[in-house]
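# Architecture and fold: a report
For reference, the chains in residue letters:
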Amino acid sequence: MVSAGLEILGLSLCVIGSFLVMVSCGLPMWKVTAFIEANIVVAQTIWDGLWMSCVVQSTGQMQCKMHDSVLALTHDLQAARALTVISSVMGVLGLMVVIAGAQCTNCIRAEYVKARVVNAGGVTFIISGLFVLVPLCWMANSIISDFYNPQVPASKKREIGAALYIGWAASALLLIGGSLLCCSCPSSSNSGYSVKYAPTKRATPNGEYDKRNYV
């Protein structure tokens, strides 16, 4: 019962984490305009994402443009694209593996094998969380380095966007949920005590019991 509860809790966290990874991957708010120095009063806000850049006017109008070339992107954006997509795919794969080995399904009969399949799904989710954590930290480090770099113009400086915070939350959920799934163990169908029955005592032809039965 405890193992089933851990599976449900871990799977729920991993599903939410995988969904947030996809949301973070699609949002354009990885880098946002930093309002400092000459940029304190501006009429527009610039969002830079993995797939597009958006300009939000003070009137509420927004215009987005897809990145023209992948090779023209910075190294952190290229790595973030690849790793977040891989993380999303591994999240879907981990979900299928865990469902196949869950105690509430009959895809696999042997309890020991089912537990090991759930453990494999938990490891898949943990790897998925690590894959999305690497580009997030890399991107954040790049943003902070450029922000405090005096050689970077104020108009080029950016701040950490909402997509990075969503990605960090997703990574935490994947790591926690995957760890809970790895704690799943096969339910023991028998106790540790074995019951031994003594052979039936048979009487001799003269009606008496054999003395060997009492030794």
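Residues numbered from 1 in each chain as written. Predicted model: local features only at pLDDT ≥ 70, side-chain atom pairs only at ≥ 80, totals over all residues. Heavy atoms only, no water.

## What to know about the sheet that holds strand 5 (residues 158-160)
In space, the five strands of this open sheet follow the order 4-3-2-1-5, with antiparallel pairing throughout. Among the strands making up the open sheet, the edge pair consists of strand 4 (62-66) and strand 5. Direction aside, neighbouring strands of the sheet carry axes that sit 25° apart on average. Pairing geometry for strand 1 (residues 31-33) and strand 5, over three bridges, is antiparallel. From the neighbouring strand, Thr 33 faces strand 5, where its bridge partner is Arg 158. Contacts from helix 3 (residues 111-147) reach strand 1 and strand 5 within the one sheet, and its direction differs from that of strand 5 by about 140°. (Pairing = 2+ DSSP bridges. Helix = DSSP H or I, 4+ residues; strand = E, 2+ residues; numbered from the N terminus. Axes fitted to C-alpha atoms, helices over the stretch in contact; angles between N-to-C directions. Contact = heavy atoms within 4.5 Å.)

## So, the pattern of salt bridges
One pass over the full model with this rule turns up three salt bridges. Between Arg 158 and Asp 48 there is a salt bridge, with its nearest N and O atoms 3.3 Å apart. With Arg 158 in strand 5 and Asp 48 in strand 2 (residues 44-48), this pair connects stretches of sequence that are 110 residues apart. Between Asp 68 and Lys 65 there is a salt bridge, with its nearest N and O atoms 3.5 Å apart. When its relative accessible area of 67% is taken as the criterion, Asp 68 is described as exposed. (Salt bridge = Lys/Arg side-chain N within 4 Å of Asp/Glu carboxyl O. Buried < 20%, exposed > 50% of the residue type's maximum accessible area, 1.4 Å probe, protein only.)

## What to know about the packing of aromatic side chains
For the structure on display, the rule yields two aromatic pairs. Aromatic side chains Phe 147 and Tyr 148 sit 5.2 Å apart centroid to centroid with 80° between the ring planes, which places their arrangement in the edge-to-face category. According to the relative accessible area criterion, Tyr 148 is exposed, its value standing at 64%. Between the aromatic rings of Tyr 165 and Trp 168, the centroid separation amounts to 5.7 Å while the plane-to-plane angle is 70°, which identifies the pairing as edge-to-face. Linking Tyr 165 with Trp 168, this pair stays in helix 4 (residues 162-182), spanning three residues, or about one helical turn. Above the ring of Phe 147, the side-chain terminus of Lys 157 is found at 5.9 Å from the ring centroid. (Phe/Tyr/Trp six-rings, centres within 6.5 Å; stacked < 30°, edge-to-face > 60°. Lys NZ or Arg CZ within 6 Å of the ring centre and 35° of its normal.)

## Here's the deal with the confidence of the model for the protein chain
For the protein chain, mean pLDDT is 81; residues scoring 70 or higher make up 81% of the total. Element-level pLDDT for the protein chain is lowest in strand 2, with a mean of 83, against a maximum mean of 93 in helix 4. Overall, residues 189-195 carries pLDDT values under 50, and its contacts beyond four positions in sequence, including any with other chains, amount to zero contacts. (pLDDT = per-residue confidence, 0-100.)

## A look at the nonpolar core
Counting 22 residues, the largest nonpolar core has Trp 30, Leu 50, Phe 125, Met 139, Leu 164 and Leu 181 as its most contacted members. Residue assignment for this core shows that the elements contributing at least two residues are helix 1 (2-26), helix 2 (75-101), helix 3 and helix 4. In terms of residues, this core owes the most to one element, helix 3, which gives seven residues. Apart from the residues lying within four places of it in its own chain, the contact partners of Leu 164 are Met 29, Trp 30, Leu 136, Met 139, Ala 140 and Ile 143. (Core = buried A, V, L, I, M, F, W, Y, C linked by side-chain atoms within 4.5 Å.)

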